[in-house]
Amino acid sequence: MALKLRLKPCERVVINGCVVQNENRRYTLTVSNFAQIIRGSDIMQEDEADTPVRRAYFVIQSMLLDPQAAEQYGSVVAGMMAKLYTAFMHPEMQDRIMQAMRNVSDRDYYKALACLRPVMAYEDGLLNAQRAPRDERIPETRVEA
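Below, the structure is looked at part by part. (Residues numbered from 1 in each chain as written. Predicted model: local features only at pLDDT ≥ 70, side-chain atom pairs only at ≥ 80, totals over all residues. Heavy atoms only, no water.)

### Considering the sheet that holds strand S5 (residues 37–39)
Sheets are built from strands that pair by backbone hydrogen bonding, the pairs being arranged parallel or antiparallel. Read across the sheet, 3 strands follow the order S3-S2-S5 without closing on themselves; strand pairing throughout is antiparallel. With partners counted over all chains shown, the strands left at the sheet margins are strand S3 (18–21) and S5, one partner each. Within the sheet, the average angular offset between the axes of one strand and its neighbour, ignoring direction, is 25°. Where strand S2 (residues 12–15) lies against S3, 4 bridges are found, and the strand directions are antiparallel. (Pairing = 2+ DSSP bridges. Helix = DSSP H or I, 4+ residues; strand = E, 2+ residues; numbered from the N terminus. Axes fitted to C-alpha atoms, helices over the stretch in contact; angles between N-to-C directions.)

### A few points about the pattern of salt bridges
Under the counting rule described, the total for this entry stands at 6 salt bridges. For Arg117, the salt bridge is made with Asp42, and the minimal N-O distance between the two is 3.8 Å. Here Arg117, found in helix H4 (residues 109–131), pairs with Asp42, found in the loop between S5 and helix H1 (52–65); they are 75 residues apart in sequence, far enough to count as distant. Note that Arg96 and Glu92 form a salt bridge whose closest N and O atoms lie 3.5 Å from each other. On the criterion of helical spacing, the pair formed by Arg96 and Glu92 is a turn pair, its members being 4 residues apart in helix H3 (residues 91–105). The exposure class of Arg96 is partly exposed, given its relative accessible area of 25%. (Salt bridge = Lys/Arg side-chain N within 4 Å of Asp/Glu carboxyl O. Buried < 20%, exposed > 50% of the residue type's maximum accessible area, 1.4 Å probe, protein only.)

### Looking at the packing of helix H2 (residues 70–87) against H3
The geometry of H2 relative to H3 is characterised by a closest axis approach of 9 Å and an angle of 165° between their N-to-C directions. The orientation of H2 with respect to H3, classified from their angle, is roughly antiparallel. In this structure, H2 meets H3 at a crossing whose hand is left-handed. Contact with H2, carried on its side by Val77, Ala78, Met81, Leu84 and Tyr85, involves Gln94, Ile97, Met98, Ala100, Met101 and Val104 of H3 and no other residues of that element. Of the residues contributing to the contact of H2 with H3, the split by class is 10 nonpolar, 1 polar and no charged. (Parallel < 35°, antiparallel > 145°, perpendicular 65-115°, else oblique. Left-handed = near helix turned anticlockwise from the far one by under 90°. Contact = heavy atoms within 4.5 Å. Nonpolar A, V, L, I, M, F, W, Y, C, P; charged D, E, K, R; others polar.)

### Thoughts on the nonpolar core
Considering soluble globular proteins, one finds that nonpolar side chains tend to be buried as a cluster. The biggest cluster of nonpolar side chains holds 29 residues, and the ones touching the most others in it are Ile60, Val77, Met81, Val104 and Leu116. When residues of this core are traced back to their parent elements, those giving at least two are H1, H2, H3 and H4. Broken down by element, this core gets its largest block of residues, 8 residues, from H1. Counting 7 residues, the second largest nonpolar core, distinct from the first, contains Leu7, Val13, Ile15 and Val31. (Core = buried A, V, L, I, M, F, W, Y, C linked by side-chain atoms within 4.5 Å.)

### What to know about the packing of aromatic side chains
Scanning the entire structure with this criterion turns up 1 aromatic pair. Summarising the aromatic geometry, the rings of Phe88 and Tyr122 are spaced 5.9 Å apart at their centres and angled 50° between planes, so their arrangement reads as tilted. Here the residue Phe88 occupies a position in the loop between H2 and H3, and Tyr122 occupies one in helix H4, the gap between them amounting to 34 residues. Accessibility expressed as a relative area gives 8% for Phe88, which makes it buried. (Phe/Tyr/Trp six-rings, centres within 6.5 Å; stacked < 30°, edge-to-face > 60°.)

So this is what it looks like as structure tokens:
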């Protein structure tokens, strides 16, 4: 089954490690066989990998972008995913982490990244809840005479 990519003007896409950029108009590109593909807008920069799930996403993305380095990252990502699985108690998030790991094992890195996107959103929600200001009561003060 062919994959149709509808590219926006000047949009970039990485196909099997090769960066392809569209011209100044919309274009549809058809990929007829399996290839490692990621849109430029889905690429995470290294400085954005600042949480455990984002770090795992970044490593898997690195495997997608650099097929030769994928072998060396395999054990690293397996350890990261195992830690994520035990850290998240939510069954749906655990299931997505397991799906991502299966996709990594199948070398379908884009699907692994897609499985981790909802986990990243869930993690962001948890972290934002922790950062929210707590009840800001005026602390009791003690005056000594």
